Amino acid sequence: MIPKTRHPNVRGTRTGYVIRYTCPSCTAESVIVNKSARDHFREARAAVCRHCRTRINVLTPGKDS
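Analysis parameters
- Residues numbered from 1 in each chain as written.
- Predicted model: local features only at pLDDT ≥ 70, side-chain atom pairs only at ≥ 80, totals over all residues.
- Heavy atoms only, no water.
- Core = buried A, V, L, I, M, F, W, Y, C linked by side-chain atoms within 4.5 Å.
- Buried < 20%, exposed > 50% of the residue type's maximum accessible area, 1.4 Å probe, protein only.
- Helix = DSSP H or I, 4+ residues; strand = E, 2+ residues; numbered from the N terminus.
- Contact = heavy atoms within 4.5 Å.
- Pairing = 2+ DSSP bridges.
- Axes fitted to C-alpha atoms, helices over the stretch in contact; angles between N-to-C directions.

A few words on the nonpolar core. Counting residues in hydrophobic clusters, the biggest one holds seven residues: Val10, Ile19, Tyr21, Ile32, Ala47, Ile56 and Val58. Looking at this core, the elements that each hand over two or more residues are strand E3 (18–22) and strand E6 (55–59). Dropping the residues within four chain positions of it, isoleucine 32 is found in contact with Tyr17, Val18, Ile19, Tyr21, Arg45, Ala47 and Val58.

Next up on the list: the pairing of E3. Alternating positions in E3 separate cleanly, Ile19 and Tyr21 being buried on one face and Val18, Arg20 and Thr22 remaining unburied on the opposite face. Where strand E2 (residues 13–15) and E3 come together, three bridges link them in antiparallel fashion. Residue pairing for E3: threonine 15 is matched across the bridge by valine 18. Counting the residues in the hairpin turn of E2 and E3 gives two residues, including glycine 16, whose phi is positive at 65°. Sheet topology places E3 next to strand E4 (residues 29–33); five bridges connect them, and they run antiparallel. When the bridges of E4 are listed, threonine 22 appears paired with glutamate 29. Where E3 folds back onto E4 in an antiparallel hairpin, the turn is made up of six residues, including threonine 27, whose phi is positive at roughly 55°.

Our next topic: the sheet that holds strand E5 (residues 44–48). Across the sheet, which stays open at both edges, the three strands sit in the order E1-E6-E5 with mixed pairing between neighbours. Of all strands in the sheet, those with a lone pairing partner are strand E1 (9–11) and E5, marking the two edges. When strand polarity is set aside, the average angle formed by the axes of neighbouring strands in this sheet is 35°. With five bridges connecting them, E5 and E6 associate as antiparallel partners. Across the sheet, residue alanine 44 finds its bridge partner in E6, namely leucine 59.

In structure tokens form, the structure reads like this:
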């Protein structure tokens, strides 16, 4: 289930337990490091760009996507 917020959606990519995404405001690449397998398999994550502090929803591709 994707959280319903007004923040822009950004598609991320998975590599191991790391989710990478590019901020739509400042075009900086950021990462989310998951500490548990349960967090890794969520469909979406609420994140804040560490460069410009913009709030975004990071959509993570599924195992088959």
